[in-house]
Structure formats: C-alpha cells, structure tokens
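# Summary of the model geometry
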Amino acid sequence: MQSQRQSEENKRRWLGHLEQMYEELYAWREAHPAASFDEIARQVTPRRQAAMGELLAQLASQHGNGVEVEGVVCEVCGRRLEYKGTPRRLVEHLEGEMELKRAYYYCPHCEGGIFPPGSAPEVGEA
Ligand SMILES: [Zn+2]
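Rules behind the numbers
Position numbers for residues count from 1 along each chain, tracking the sequence in the order it is written. Local features are withheld for residues below a pLDDT of 70 in this predicted model, meaning they are given only at 70 or higher, and side-chain atom pairs are given and counted only at 80 or more; totals for whole chains, interfaces and linings count all residues. Burial is judged by counting the other C-beta atoms within 10 Å of a residue's own C-beta: 20 or more makes it buried, 12 or fewer makes it exposed, and any count in between marks it as partly exposed, with every C-beta position built from the backbone. Helix and strand definitions here come from DSSP, where helices need a minimum of 4 consecutive H or I residues and strands a minimum of 2 consecutive E residues; each element is numbered from the N-terminal end. One requirement defines pairing of two strands: DSSP has to find at least two bridges between them. One number per residue, pLDDT, summarises how confident the predictor is, and it ranges from 0 to 100. Residue pairs qualify as contacts under a 7 Å threshold applied to their C-beta atoms, which are placed from the backbone. Domain delimitation follows an automatic or database domain assignment. Here the term charged refers only to Asp, Glu, Lys and Arg, the term nonpolar to Ala, Val, Leu, Ile, Met, Phe, Trp, Tyr, Cys and Pro, and the term polar to all other amino acids, Gly among them.

## Observations regarding the pairing of strand β2 (residues 88–93)
- Counting buried positions along β2 yields zero of six residues, so the element is predominantly exposed.
- Of the pairings in the sheet, the one linking β2 to strand β3 (residues 96–101) comprises six bridges and is antiparallel in character. Residue R88 lies in a different strand from β3, and its bridge partner there is K101.
- The hairpin turn running from β2 into β3, its antiparallel successor, is two residues long.

Right, dumping it as structure tokens:
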C-alpha cells in the first residue's frame, strides 16, 4: 500500500515520461519524412520498453519493497536474518528492462541471502 500522494506522484512521473516519448518521436518523424514503417518502429520500440519498464517497476513496488517490520527468519535454520539494505536489481522482462530496489536479508549461519517476496511479486523469476 502506498500513500495517495505517492500514487499521484508516480502517475504524474509516468505520464510525463509518455509525453516526452511522444515529443521525441514526433520530432524524429519530422526530421525523417522518408522513413519506412520499420525505421519508425525501431524508434518506438526501445522507448516503449523504457516506459513500460518504468510502469512495471512502479507496480511491482506498489506494496512495498520487502522490508519487514518484524524480524525475518531463515527458512533453513530458523535463525533471525540480518537486514542488508535494499540493493538495486536489474530485471529484464519482455515488457521492458527495469531496476527494482528490494530488501535483502542475510543469514550468517547458512551464509545465504534472500529477497523476501513480501507482498510484491518477484518479477522475472517465474
Ligand atoms: Zn540460516
């Protein structure tokens, strides 16, 4: 769950991204009157992936980034895990590339770490 203000901010940022994308493509087309359909599509595709990647990242983080209020325990040994911050993870997906910041926990006993799913989906690991 996120605040109404955060939600409005995310929406405004994403729509701003779309508007910028439109203006770039419009300007490119003005400068390339003889461009083929494929050439136009090659301009559109990477921008579409960037825009959809941003939307996907927003939606994936809509219910938080996996930081738990209560202590998280190791599934293997049951000991309490150490919180190690929220590193950025690059996720590649058909819809686009994005960076997600997810909470990371480490078990010193098992010497292994996890990104708890929390209530946010683990994108790209299906
Ligand atoms: Zn453990």
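Now that the structure is up, let's keep going.
## Concerning the confidence of the model for the chain
- A residue-level look at the chain finds 90% of positions with pLDDT of 70 or above and a mean pLDDT of 85.
- For the chain, per-element mean pLDDT is lowest for β3, which scores 82, and highest for helix α1 (residues 4–31), which scores 95.
- In the model, residues 118–126 has pLDDT below 50 throughout and makes 22 contacts with residues more than four positions away in sequence or in other chains.

## Here we look at the domain arrangement of the chain
- Along its sequence, the chain is carved into domain 1 (1–64) and domain 2 (65–117).
- Inter-centroid distance (C-alpha atoms) of domain 1 to domain 2 is 29 Å.
- On the domain 2 side, the residues contacting the 10 residues of domain 1 number 10 residues.
- Its residues placed into classes, the side of domain 1 that touches domain 2 shows five nonpolar, four polar and one charged.

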